[in-house]
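# Descriptive structure summary
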Amino acid sequence: MRTEKLESEQMNNNITSLKTALLGFVTLGAVTFGLVTIVAIHDRLRGFQAVALESAVTVLAQGVALDLARSLERDWSALQAVAESADPRDLDAIALAADVLAGDRQRISWAGYAELDARIAAASGDMLVGADITERLWFQRGLEGPFAGDARDALLLNRLLGGTDEEPIRFLDLSTPVRDAQDRVVGVFALHLNFGWTQTFLAETASVLGIDLFLVSQDGTVTFASDGSGPGRLDLPSMRAARSGVQVSGQEVWPDGQTYLTTVVPQVAYRDLPSFGWRLVARISPEALGDTGATITRWATLLFASGIATLLAMTAVFYRLFLAPLNQLAYDATRIAEGEDIPPTETRSTREAAAISEALVRLQTRNS
């Protein structure tokens, strides 16, 4: 008899208890669900962060391009107003208008009027009056219609405005025809805008927005870079897209070895401002949004751990209220089967536990 009892105890010891099975099942299910959820959240956050960052840098770049073009369009509107109201016979009035436009020369370095003989007839500060500008593109194109010229080194005005051979002043050109009362072209009125103002505008804007900006000419040459790199060409997909005038966005590796999310604004334009042929390229590091994804993942992990602890606590309470009585009944049944005369535990925790308890009482009464 004793041998059978020992064998029965040994067999029972090799069988998983109800408590162990319940806790194991709940823990395994919760951990599996939690890990799958955290991985899914992390992947979704990475995708969402990339999309959000791409959208943000695109909107920022478009806003910068619009602000720059709007600022230059104000100068263009002022130029047109003078050209349309100018009386070619009143050079003193044209010179006065040129002085007003140029102001302190911080933004507009020079304003002037050239007649058909390709000589300057009136200008701000009387600079270059009488000079021959036959070869100047702004004069040649200005005779044909509205013209905007990309950044170039100042030639005749460089030393007059304080520039040096090592660091020449650079101009943007704006010019338009001047017509007489019979609507005949009699000359060209032009502005030379200080390109340094444009560089400062882009540099300050890039610093405030936390992005890098690259002003790209129509032939693909970078004429300004807010990261401090000099003018030149970059063999990058974004730069090739800029040269083609195509809007693209995406991640790419730059010459510094870093990966940036890059976007191309195919034109810098506003209203009737003549095109300088510019494209604007903006880039931002994928880490620019900070450690948001990792922070949320850590938060989700802590929340998951708290959930696991709560679930285990609730499982323990559930076991105590509903399964522990069954465990006690199993113990009582074993003792009764071994011939002990003990009253079975009475329980009403569940319908099944109550039924087992009543069955044990009946069996014990019948055996008696």
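Throughout what follows, the structure given in this document is the object of discussion. What you see is a predicted model, and the numbers here were worked out from it, not measured in a lab.

### A short note on the overall build of the chain
- The helix and strand tally for the chain stands at 8 helices and 10 strands.
- Per-residue burial for the chain yields a buried fraction of 38% across its 368 residues.
- In the chain, once contacts between residues fewer than 6 apart in sequence are set aside, the share between residues at least 24 apart is 56%.
- For the chain, the computed accessible surface area is about 20,800 Å², with 56% contributed by carbon and sulfur atoms.

### A short note on the packing of aromatic side chains
- Considering all chains together, one arrives at 6 aromatic pairs under this definition.
- Relative to tyrosine 260, the ring of tryptophan 254 has its centre 6.3 Å away and its plane inclined at 80°; by these criteria the two rings are edge-to-face. Taken individually, tryptophan 254 and tyrosine 260 each receive the classification buried, so the pair is uniform in this respect.
- Within the aromatic cluster, the residues linked to one another by ring pairs are Trp110, Trp138 and Phe139.
- A cation over a ring is seen here: arginine 283 above tryptophan 254, with NZ or CZ 4.6 Å from the ring centre.

### A short note on the sheet that holds strand 4 (residues 170–179)
- With respect to topology, 5 strands assemble into an open sheet ordered 2-1-5-4-3, the strand pairing being antiparallel. Two strands bound the open sheet, and with one partner strand each, they are strand 2 (120–123) and strand 3 (147–153). Strand-to-strand twist across the sheet, computed as the mean angle between neighbouring axes with direction ignored, equals 25°.
- Pairing of strand 4 with strand 5 (residues 185–194) involves 9 bridges; the strand directions are antiparallel. Bridged to serine 175 within strand 5 is alanine 190.

### Focus: the side chain of threonine 58
- Examined against the element boundaries, threonine 58 turns out to sit in helix 2 (residues 18–85).
- A residue is classified by how much of its surface remains accessible, and threonine 58, at 14% relative accessible area, is buried.
- Side chain to side chain, threonine 58 and serine 249 meet in a polar contact 3.3 Å long.
- Leave out the neighbours within four places in its chain, and threonine 58 touches Gln247, Ser249 and Thr263.

### A closer look at unusual backbone geometry
- Backbone geometry places arginine 105, a non-glycine residue, at a positive phi of 65°.
- Within the secondary structure, arginine 105 is located in the loop between helix 3 (91–102) and strand 1 (108–115).

### Some details on the pattern of salt bridges
- Under the definition given, this model contains 11 salt bridges.
- Here aspartate 183 and arginine 179 are joined by a salt bridge, their closest N and O atoms 3.8 Å apart.
- Aspartate 183 gets classed as exposed once you look at its relative accessible area, which sits at 51%.
- Taking the relative accessible area as the measure of exposure, arginine 179 reaches 39% and is therefore partly exposed.
- Between arginine 184 and aspartate 180 there is a salt bridge, with its nearest N and O atoms 2.9 Å apart.
- Residue aspartate 180 is classed as buried on the basis of its relative accessible area, which comes to 18%.
- Through salt bridges with shared partners, a single ionic network connects Asp212, Asp227 and Arg283.

### Some points on helix 3
- Relative to the 16 Å expected for 12 residues at 1.5 Å per residue, helix 3 spans 16 Å between its end C-alpha atoms, a close match to the ideal helical length.
- Of all the positions in helix 3, only Ile94, Ala95, Ala98, Leu101 and Ala102 are classed as buried. The buried side chains of helix 3 occupy one side of the element, clustering within an arc of 120° when seen end-on. In helix 3, the exposed positions that point more than 90 degrees away from the buried face belong to Asp92, Leu96 and Val100.
- Two residues or fewer after helix 3 comes glycine 103, characterised by a positive phi angle close to 55°.

Cut-offs and rules
- Residues numbered from 1 in each chain as written.
- Predicted model: local features only at pLDDT ≥ 70, side-chain atom pairs only at ≥ 80, totals over all residues.
- Heavy atoms only, no water.
- Helix = DSSP H or I, 4+ residues; strand = E, 2+ residues; numbered from the N terminus.
- Buried < 20%, exposed > 50% of the residue type's maximum accessible area, 1.4 Å probe, protein only.
- Contact = heavy atoms within 4.5 Å.
- Areas by Shrake-Rupley, 256 points an atom, 1.4 Å probe, with all protein chains shown as cover.
- Phe/Tyr/Trp six-rings, centres within 6.5 Å; stacked < 30°, edge-to-face > 60°.
- Lys NZ or Arg CZ within 6 Å of the ring centre and 35° of its normal.
- Pairing = 2+ DSSP bridges.
- Axes fitted to C-alpha atoms, helices over the stretch in contact; angles between N-to-C directions.
- Polar contact = N/O pair within 3.5 Å; in protein donor to acceptor, adjacent residues only side chain to side chain.
- Salt bridge = Lys/Arg side-chain N within 4 Å of Asp/Glu carboxyl O.
- Expected span 1.5 Å × (residues − 1).
- Arc of directions from axis to C-beta.

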